[in-house]
Amino acid sequence: LSSRPMLPASEATREEVRSIRRDIFANSVLLRGGAPKRAHDQALKISQRAQATQWPPVENEAMVALGHAQQADGAAEEAERSFSRSYYESARIADDRLAAEAATALTALVGDELGRPRDGAFWRELAVEALDRSGRNSGLARAALLMASASLDYRNGDYEQGVE
């Protein structure tokens, strides 16, 4: 599944994809800057634009960005739906990098924040598998998974595992 999807055939769609990706990045800066409500509103608009392209890779990227904004804005259940949708759609098109990101987010969100550690463990396994397939089992993606995993282990009372 580790292949990356081909770019859209239409130049207009490719340009819109580039624009959406720039906006996703800008929105992540807004989110990190402490404006979760504004980032949530922007992420909804970006997601709608991404859906209009009918190009699944950017639709899924926008859905993950929306999930992060929803989570930061206190809409955890909505974030769970966004991340889950992105995971399954990313897996369907063999975008393991994005599937791993969505499953990693779900590991922490579901397992810790929503207090469903068994479900969090399920998402952790899917994240590990997708990360392994993606060939990016080091660096920031791996660090994010380790952080989510430690949070889940700590929540489960496995304090020794959570600090390793």
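First, a word on what this report is: a plain description of the structure on this page. On a predicted model such as this, the values are computed, not experimentally measured, just so you know. (Residues numbered from 1 in each chain as written. Predicted model: local features only at pLDDT ≥ 70, side-chain atom pairs only at ≥ 80, totals over all residues. Heavy atoms only, no water.)

Moving on to the overall build of the chain. A count of helical and extended segments in the chain gives eight helices and zero strands. Starting at the N terminus and walking to the C terminus, you meet the elements of the chain as α-α-α-α-α-α-α-α. For the chain, whose C-alpha radius of gyration is 16 Å, the value lies close to the compact-globule estimate of 15 Å for 164 residues. For the C-alpha atoms alone, the extent of the chain along its principal axes is close to 50 × 35 × 25 Å. Across the 164 residues of the chain, 42% fall into the buried class. (Helix = DSSP H or I, 4+ residues; strand = E, 2+ residues; numbered from the N terminus. Rg over C-alpha atoms; globule rule 2.2 N^0.38 Å. Buried < 20%, exposed > 50% of the residue type's maximum accessible area, 1.4 Å probe, protein only.)

A separate point is the packing of helix α3 (residues 56–72) against helix α5 (residues 96–113). The geometry of α3 relative to α5 is characterised by a closest axis approach of 10 Å and an angle of 20° between their N-to-C directions. Considered as vectors, α3 and α5 are oriented roughly parallel to each other. In terms of crossing hand, the pair formed by α3 and α5 is left-handed. Listed contacts from α5 to Pro 57, Asn 60, Glu 61, Val 64, His 68 and Gln 71 of α3 are Arg 97, Leu 98, Glu 101, Ala 102, Ala 105, Leu 109 and Glu 113. When the residues that make up the contact of α3 with α5 are grouped by side-chain class, the tally is six nonpolar, three polar and four charged. (Axes fitted to C-alpha atoms, helices over the stretch in contact; angles between N-to-C directions. Parallel < 35°, antiparallel > 145°, perpendicular 65-115°, else oblique. Left-handed = near helix turned anticlockwise from the far one by under 90°. Contact = heavy atoms within 4.5 Å. Nonpolar A, V, L, I, M, F, W, Y, C, P; charged D, E, K, R; others polar.)

In this structure, Thr 107 sits in helix α5. At 2.9 Å, the side chain of Thr 107 and the backbone oxygen of Ala 103 are in polar contact. (Polar contact = N/O pair within 3.5 Å; in protein donor to acceptor, adjacent residues only side chain to side chain.)

Spanning 18 residues, α5 covers 24 Å between terminal C-alpha atoms, matching the ideal 26 Å at 1.5 Å per step. Along α5, 13 of the 18 residues are buried, which leaves the element largely enclosed by surrounding structure. Directly beyond the C-terminal end of α5, a positive phi value near 70° is found at Gly 115. (Expected span 1.5 Å × (residues − 1).)

On to the packing of aromatic side chains. For any pair of aromatic rings, the description rests on two quantities: the centre-to-centre distance and the angle between the ring planes. Under the defined criterion, the tally for this structure stands at four aromatic pairs. A centroid spacing of 5.1 Å and a plane angle of 80° characterise the contact between Tyr 87 and Tyr 88, whose relative ring orientation is edge-to-face. Judged by its relative accessible area of 45%, Tyr 88 falls in the partly exposed class. Pairing Tyr 87 with Trp 123 gives two aromatic rings, centres 5.3 Å apart and planes at 80°, and the pair type is edge-to-face. (Phe/Tyr/Trp six-rings, centres within 6.5 Å; stacked < 30°, edge-to-face > 60°.)

Before going further, it helps to examine the packing of helix α1 (residues 11–32) against α3. At their nearest, the axes of α1 and α3 sit 10 Å apart, and the two run at 15° to each other. In terms of axis orientation, α1 runs roughly parallel to α3. Here the hand of the crossing between α1 and α3 comes out left-handed. On α3, the residues that touch Val 17, Ile 20, Arg 21, Ile 24 and Leu 31 of α1 are Val 58, Glu 61, Ala 62, Ala 65, His 68, Ala 69 and Ala 72. Of the residues in the contact of α1 with α3, the class split is nine nonpolar, one polar and two charged.

By themselves, these observations are geometric and do not establish any function.
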